[in-house]
Amino acid sequence: DATMSAGARVSMGLDGTLEAALDAAAPAMRGLRFVLLTFGNAAFSELLRNFCAHARRAGAAHVVGAVDVGAFELLRESGSPCYKTPLALATGYSLDGANSHSSGSWKAFAAMRTGEVARVVATGLDVLHIDTDVVLLRDPAPFCMCTAAARAEFGDASRFPCSALRAADVAVSSDNMGPSRSVAGGAAYHGAGTFNSGLLLFRATAAGRRFAAQWHRNVASPERGSRFWGKTSDQQASCDLLRLHRSRCEETRLHAEVRRAGVCSARGGRSYLMCGVHQSASRNLAHLPERR
């Protein structure tokens, strides 16, 4: 039907599978193998709607993993690319969103989320795992993929070149929200500061896929006695895994890249313009052995 809205057409194609959701997101990729991936349940319906509305407005390819059937139905009705995660298909699961991140339901969520990120990366897509409280003002794909258009704005001679981030297999945001201060300080904070998995980029390279798989394994089934045993969140595991790789690859010159992706994130009741401090995990992790 030529009069059917784009959202309605997308909605009709969403059957709850990841494959259908990725197909629905494909037109917005515009040939780039890049997608934003976030997760949420019906309790966070306002945040989910807000995230999807801004992603659509920015023209950003995105997929939402619904943690319960209510979230899936809500998003499908609005025409947002979404699918039912394994937890949405599980009988009796309910997410406890307590900040302690120590409940059994939260750990099940963390295990699911890391597994789903690894699953999407394994399809050959570069994935920017992103929190649902992020508000997109621009599509980050051109910068993250360092397209010709992005290089015209963020070339090697610019203050925030995209080429270094493009060379990284993994990148993560930090709790330092001031990119200008990072540049002035030589990214000193990132040497020992706190990484934040609210923005976590995985390339579909062999090293990027391996890192995503290790992240999932060290969250879902950490080896007893390892540095990951007893961690209560996937963010803690990602931070430790990044620092573990850092200690093993000094020859790659672990470096901080400051990028401008036009992202605004609400944190602790305040809004910060995250012009995108990202920590590049490495220019190339391909030579690194698997680590637990």
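Quick note: structure is the one above.
Conventions we followed
- Residues numbered from 1 in each chain as written.
- Predicted model: local features only at pLDDT ≥ 70, side-chain atom pairs only at ≥ 80, totals over all residues.
- Heavy atoms only, no water.
- Salt bridge = Lys/Arg side-chain N within 4 Å of Asp/Glu carboxyl O.
- Helix = DSSP H or I, 4+ residues; strand = E, 2+ residues; numbered from the N terminus.
- Buried < 20%, exposed > 50% of the residue type's maximum accessible area, 1.4 Å probe, protein only.
- Disulfide = S-S within 2.5 Å.
- Axes fitted to C-alpha atoms, helices over the stretch in contact; angles between N-to-C directions.
- Parallel < 35°, antiparallel > 145°, perpendicular 65-115°, else oblique.
- Left-handed = near helix turned anticlockwise from the far one by under 90°.
- Contact = heavy atoms within 4.5 Å.
- Nonpolar A, V, L, I, M, F, W, Y, C, P; charged D, E, K, R; others polar.
- Phe/Tyr/Trp six-rings, centres within 6.5 Å; stacked < 30°, edge-to-face > 60°.
- Expected span 1.5 Å × (residues − 1).
- Pairing = 2+ DSSP bridges.
- Right-handed = clockwise from strand over helix to strand, strands pointing away.

1. Some words on the pattern of salt bridges
Evaluation of the coordinates by the stated rule reveals 6 salt bridges. Of the charged contacts, one joins E153 and R138 as a salt bridge, the two residues approaching to 3.1 Å between their closest N and O atoms. Taken together, the positions of E153 in helix α8 (residues 148-153) and R138 in the loop between β5 (134-136) and α7 (141-145) put the pair 15 residues apart, joining distant regions of the chain. Exposure remark for E153: the relative accessible area of 37% places this residue in the partly exposed category. Taking the relative accessible area as the measure of exposure, R138 reaches 35% and is therefore partly exposed.

2. Digging into the state of the cysteines
In total, this model carries 1 disulfide according to the counting rule given. C146 shares a disulfide with C162; S-S distance 2.0 Å. Disulfide C146-C162: torsion about the S-S bond near 60°, hence right-handed. In this pair, C146 sits in the loop between α7 and α8 while C162 sits in the loop between α8 and α9 (163-166), placing the two residues 16 residues apart along the sequence. Pair check on accessibility: C146 and C162 agree, each one buried. Just so you know, C82 is unpaired, no disulfide at all, and the nearest cysteine sulfur is the one on C52, 7.8 Å from it. C82 sits in the buried class, given a relative accessible area of 0%. Left unpaired, C144 is separated from the closest cysteine sulfur, that of C162, by 9.5 Å.

3. Quick look at unusual backbone geometry
Residues other than glycine seldom take positive phi values, yet R30 does so here, at roughly 50°. By secondary structure assignment, the location of R30 is in the loop between α2 (18-29) and β1 (34-40). Its relative accessible area of 54% is what places R30 among the exposed residues. Backbone geometry at C146 places phi at a positive 50°, although glycine is not the residue there.

4. A word on the packing of helix α6 (residues 104-121) against helix α12 (residues 206-220)
The contact between α6 and α12 brings their axes to 8 Å, and the two run at 165°. Taken together, the axes of α6 and α12 lie roughly antiparallel to each other. Of the two possible hands of crossing, α6 and α12 adopt the one that is left-handed. In contact with A110, A111, T114, G115, V117, A118 and V121 of α6, α12 contributes R209, A212, A213, W215, H216, V219 and A220. Among the residues making up the contact of α6 with α12, the classes are represented as 10 nonpolar, 3 polar and 1 charged.

5. Observations regarding the packing of aromatic side chains
Pairs of aromatic rings are described using the distance from one ring centre to the other and the angle between the two planes. In this structure the tally under the stated criterion is 4 aromatic pairs. Arranged with centres 5.0 Å apart and planes meeting at 80°, the rings of F143 and F154 form a pair that is edge-to-face. Of the two residues, F143 is situated in helix α7 and F154 in the loop between α8 and α9; the sequence distance between them amounts to 11 residues. Among the residues examined, F143 registers a relative accessible area of 4% and is labelled buried. Ring centres 6.2 Å apart and planes at 45° place the aromatic pair F202 and F211 in the tilted group. Accessibility assignment for this pair places F202 and F211 in one class, buried. One aromatic cluster in this structure is built from F202, F211 and W215.

6. Side note on α2
The end-to-end C-alpha separation of α2 is 16 Å, in line with the 16 Å expected for 12 residues at 1.5 Å each. When α2 is considered as a whole, its buried residues turn out to be L18, A20, A21, L22, A25 and M29. Positive phi appears at R30, one or two residues downstream of α2, with a value of about 50°.

7. A short note on the pairing of β1
Counting buried positions along β1 gives 7 out of 7 residues, so the element sits mostly inside the fold. Neither face of β1 is open: one carries F34, L36, T38 and G40, the other V35, L37 and F39, and all of them are buried. Relative to strand β4 (residues 126-130), β1 runs parallel, the two being bridged by 4 bridges. The residue bridging F34 from the neighbouring strand is D126, located in β4. Pairing geometry for β1 and strand β2 (residues 62-66), over 5 bridges, is parallel. Along β2, the bridge assignment pairs G40 with A66. Read as a crossover between parallel neighbours, the route from β1 over helix α3 (residues 45-58) to β2 is right-handed.

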